[in-house]
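Here is how the chains run, residue by residue.
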Amino acid sequence: MNAANNCKTLEQIVSANKRIDVVMASLGILVLMVASAMLIGVFVDLLTSGWPRLISSEFYTNFPSRHPEKAGILSAMTGTSLVMLVTAVVAIPLGVAAGLYLEEYAPRNWLTDIIEINVSNLAGVPSIIYGLLALGLFVHTFALGETILTAGLVLALLILPVIIVSTREAVRGIPRDLREAAYGLGADKWQAVRMYVLPAARPGILTGVIVGLARAIGEAAPVITIGALTFIAFLPPSPIQAEAPFINFEWLSSPFTVMPIQLFNWVSRPQAEFHINAAATGVVLMAMTLAMNALAIYIRLRLRRHDR
Amino acid sequence: MTHLDSVKYMAGAEVAGSTPVVMSSPELRAEVRNLSFWYGKTQALNGINLPVADKQITAMIGPSGCGKSTLLRCFNRMHDLYPGNRYGGEIRLYPEDRNLIAMEPGLVRLRIGMVFQKPNPFPKSIFENVAAGLRVRGIGDKRVLNERVEQALRGAALWDEVKGRLHESAYGLSGGQQQRLCIARALAPQPDILLLDEPTSALDPIATARIEDLLVELRRTITTVIVTHNMQQAARISDFTAYMHMGKLVEYNGTNAIFTNPKDKLTSDYITGRFG
């Protein structure tokens, strides 16, 4: 046999490679379509089941009720918003600072290694364990009670690893020459971090924050564990008041409920009418998550326009 | 103040033979003395001795891996950013005669500016890029910043091209403009020494020529140390040239002398293109 019979021509190699490309691309599109079809399917299903309640304004302005047609998600929406506020205020600075420390400041030694392993492990701890921790530590030991503050803190703990890891990835992704440019000008560590590292890492950090918050907004288990109520027929005290000092922190120590708990409560009722409420709540919860994602994308685009 | 040893280092001294040196001997801005450097266990520099003449361009040439960039990065202690690196010997900084290797790295970098191989502007506006070094030094006064930024941009021959869009992103500039912006950024704080690490290796010939013109314009105003893989570049712009090979300094002389009358066989092999 001669070599010409054994070897493919260059044209054959190219067309074989092209065929592989087509197969891989189709496979990728298929997988993507399955994933998005499932999301869209769930959303459409919830939307159609919950439609009667979604178009009723009372659904958004009423407290829960034993009459399904009067029941609303006002307290759950308020609860979720306030809890997420606490979570964001606690988790973002802590997580970003921890990530920056580990990446920029920490020496490479066994202590850092242990911290790193622990942070990664924390991301894998089931959320109900965080609930138990919070029940013991925040509710009883620190006597914070079954409050918005406690819920915000436990969800902050829950998403801390996500924010830390994504901050580290973002900081590590900054080109080495940009970092050297900053240090080359004589910047000390904090100047380099504040002026150049943090701005360059912002898009990545933001993504981590949103992924974290989106996870926190849907969590029910740890919030139930610390004793969130399922029936709240009042609002927490307003954070803003007419008389001095105009800002009020009493809402932090208020009992509360959140959207996932409200949803769970309604879906576990025997009456079919409550299931409509549950579906509608699901739609609102998903809308809140998507709105958060949209906000992140908007901020990222804005930052990019300003920076680049 | 220390002066260059006129016999050993003077440009053209060897060529001129016994005729007395006409050029006045330039003063030293820095002097590398018996400098060695290790990346972990790997020795990259071995007993380097090199004078750096004040307000002159000193070029370092040599084949890849000879240690020329490593030596340059010793001058601003860039190696201290990464763990496991070790220095031996000293780099004296004149006129105050301090050992740069024993100083606080941050302090060294405040006095010695650097321009890198690839243009590396910050993801900020043109103005903020040039102002960065000033801000690091705590200069926040708008009037002073405006003045110094303009001065630096003029110094880097970029002012006329960017004066109308100072507050636009630096990433909108061409590669050559970005590199001149990086030179302006390094010049703005008025450093004692300007280090350039193959500053034109990522640029096209026209942009390269502009940078070379710029460096020649600057050469009587600032002490410059440049690493280049381009021998013609060293010949065109530098006053003194050091040839390095495998972590050692093989030969140092006035640029003319090195290129017309190299004393070491390694040097002559390299500059005649026999290897490298």
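On a predicted model such as this, the values are computed, not experimentally measured, just so you know. (Residues numbered from 1 in each chain as written. Chains lettered and ligands numbered in written order. Predicted model: local features only at pLDDT ≥ 70, side-chain atom pairs only at ≥ 80, totals over all residues.)

### Points about the overall build of chain A
The helix and strand inventory of chain A stands at 12 helices and zero strands. Along chain A, helices (α) and strands (β) appear in the sequence α-α-α-α-α-α-α-α-α-α-α-α when read from the amino end. Relative to the 2.2 N^0.38 estimate, which gives 19 Å for 308 residues, the radius of gyration of chain A is 25 Å and therefore markedly larger than a compact globule would have. Counting only C-alpha atoms, chain A reaches 85 × 55 × 40 Å along its principal axes. Taken over 308 residues, chain A has a buried fraction of 35%. Taking the intrachain contacts of chain A between residues at least 6 apart in sequence as the baseline, contacts between residues at least 24 apart amount to 76%. (Helix = DSSP H or I, 4+ residues; strand = E, 2+ residues; numbered from the N terminus. Rg over C-alpha atoms; globule rule 2.2 N^0.38 Å. Buried ≥ 20, exposed ≤ 12 C-beta atoms within 10 Å, placed from the backbone. Contact = placed C-beta atoms within 7 Å.)

### Side note on the sheet that holds strand β4 (residues 85-93) of chain B
Residue and element names in this part refer to chain B. One open sheet holds the four strands; their spatial order is β2-β1-β4-β5, and the pairing between them is antiparallel. Each edge of the sheet is formed by a strand with only one pairing partner; in this case those strands are β2 (42-53) and β5 (98-99). Here helix α3 (residues 68-75) sits on the sheet in contact with β1 (28-39), β2 and β4, set at roughly 65° to β2. (Pairing = 2+ DSSP bridges. Axes fitted to C-alpha atoms, helices over the stretch in contact; angles between N-to-C directions.)

### What to know about the sheet that holds strand β9 (residues 240-245) of chain B
Residues and elements named next belong to chain B. Pairing is mixed across the open sheet formed by six strands, whose spatial order is β6-β7-β8-β3-β9-β10. Two strands bound the open sheet, and with one partner strand each, they are β6 (112-115) and β10 (248-254). Sheet twist, expressed as the mean angle between neighbouring strand axes with direction ignored, is 20°. With six bridges joining them, β9 and β10 adopt antiparallel strand pairing. Across the sheet, residue T241 finds its bridge partner in β10, namely N253.

### What to know about the environment of S57(A)
Residues and elements named next belong to chain A. Along the chain, S57 falls in the loop between α2 (10-54) and α3 (58-61). For S57, a count of 8 C-beta atoms within 10 Å gives the class exposed. When the C-alpha atoms of S57 and R300 are compared, they prove to be 33 Å apart, with 243 residues separating the residues in sequence.

### Section: the packing of helix α5 (residues 126-136) of chain B against helix α6 (residues 142-155) of chain B
Residues and elements named next belong to chain B. Viewed as axis vectors pointing N to C, α5 and α6 meet at an angle of 110°, and their least axial separation amounts to 9 Å. With respect to their mutual orientation, α5 and α6 come out roughly perpendicular. Taken together, the residues of α6 that come into contact with α5 (itself represented by F127, V130, A131 and L134) are L145, R148, V149, A152 and L153. Looking at the contact of α5 with α6 residue by residue, the class counts come to eight nonpolar, no polar and one charged. (Parallel < 35°, antiparallel > 145°, perpendicular 65-115°, else oblique. Nonpolar A, V, L, I, M, F, W, Y, C, P; charged D, E, K, R; others polar.)

### Some points on helix α8 (residues 175-187) of chain B
Residue pairs three or four apart in sequence face the same way in an α-helix, which turns once every 3.6 residues. Residues and elements named next belong to chain B. Taking 1.5 Å per residue, 13 residues should reach 18 Å; α8 reaches 18 Å between its end C-alpha atoms and fits that length. In terms of burial, α8 is a largely internal element, 12 of the 13 residues being buried. Turning to α8, its buried residues number three or more, namely G176, Q177, Q178, Q179, R180, L181, C182, I183, A184, R185, A186 and L187. Lining the buried residues of α8 we find β6, α5, α6, α7 (159-162), β7 (193-197) and α9 (205-218). (Expected span 1.5 Å × (residues − 1).)

### Quick look at the domain arrangement of chain A
Residue and element names in this part refer to chain A. Per the domain assignment, the segments making up chain A are domain 1 (1-51) and domain 2 (56-307). On a C-alpha basis, the centroid separation for the pair domain 1 and domain 2 is 36 Å. At the junction of the two partners, domain 1 supplies five residues and domain 2 supplies six residues. Among the residues making up the side of domain 1 that touches domain 2, the classes are represented as three nonpolar, two polar and no charged. (Domains from an automatic or database assignment.)

### Thoughts on the pairing of β7(B)
All names here are of chain B. For β7, the tally of buried residues reaches five of five residues, placing the bulk of the element in the interior. Of the two faces of β7, the one lined by I193, L195 and D197 and the one lined by L194 and L196 are each fully buried. Pairing between β7 and strand β8 (residues 223-227): five bridges, direction parallel. Across the sheet, L196 pairs through a bridge with I226, a residue of β8. Between the parallel elements β7 and β8, the chain passes through α9 in a crossover that is right-handed. (Right-handed = clockwise from strand over helix to strand, strands pointing away.)

### What to know about the interface of chain B and chain A
Between chain B and chain A, the residue contacts involve 19 residues of the former and 18 residues of the latter. Here the side of chain B that touches chain A is composed, by residue class, of 11 nonpolar, five polar and three charged.

### Concerning unusual backbone geometry
Leaving glycine out, the prevailing phi sign among residues is negative, and the prevailing peptide bond configuration is trans. Residues and elements named next belong to chain B. Omega for the peptide link from Y94 to P95 comes to 10°, which places this bond in the cis form. Take P95: it is sitting in the loop between β4 and β5. Located in the positive-phi region is N34, a residue other than glycine, with phi close to 50°. With respect to the helices, strands and loops of the structure, N34 is situated in strand β1. Taking the C-beta count within 10 Å as the criterion, N34 has 11 such neighbours and is therefore assigned exposed. The backbone of M246 shows a phi angle near 50°, a positive value even though the residue is not glycine. Tracing the chain through its elements places M246 in the loop between β9 and β10. Looking at M246, the number of C-beta atoms within 10 Å reads 13, which means it is partly exposed.

### A closer look at α5(B)
Counting buried positions along α5(B) gives nine out of 11 residues, so the element sits mostly inside the fold. Along α5(B), the residues that are buried comprise I126(B), E128(B), N129(B), V130(B), A131(B), A132(B), G133(B), L134(B) and V136(B). Close packing links the buried residues of α5(B) with α9 (189-218) of chain A together with α6, α7 and α8 of chain B. Trailing α5(B) by a residue or two, G138(B) shows a phi angle of about 80°, which is positive.

### So, the packing of helix α8 (residues 176-184) of chain A against α9(A)
All names here are of chain A. Viewed as axis vectors pointing N to C, α8 and α9 meet at an angle of 165°, and their least axial separation amounts to 10 Å. In terms of orientation, α8 and α9 fall into the roughly antiparallel class. The chirality of how α8 crosses α9 is right-handed. Contacts from L178, R179, A182 and Y183 of α8 reach α9 at A192, M195, Y196, V197 and A200. (Left-handed = near helix turned anticlockwise from the far one by under 90°.)

### Topic: the confidence of the model for chain A
Predicted coordinates in areas of low pLDDT are best not read in detail. Here chain A averages 86 in pLDDT, while 94% of its residues score no lower than 70. For chain A, helix α1 (residues 3-6) of chain A is the element with the lowest average pLDDT, namely 55, and helix α7 (residues 148-172) of chain A is the one with the highest, namely 92. (pLDDT = per-residue confidence, 0-100.)

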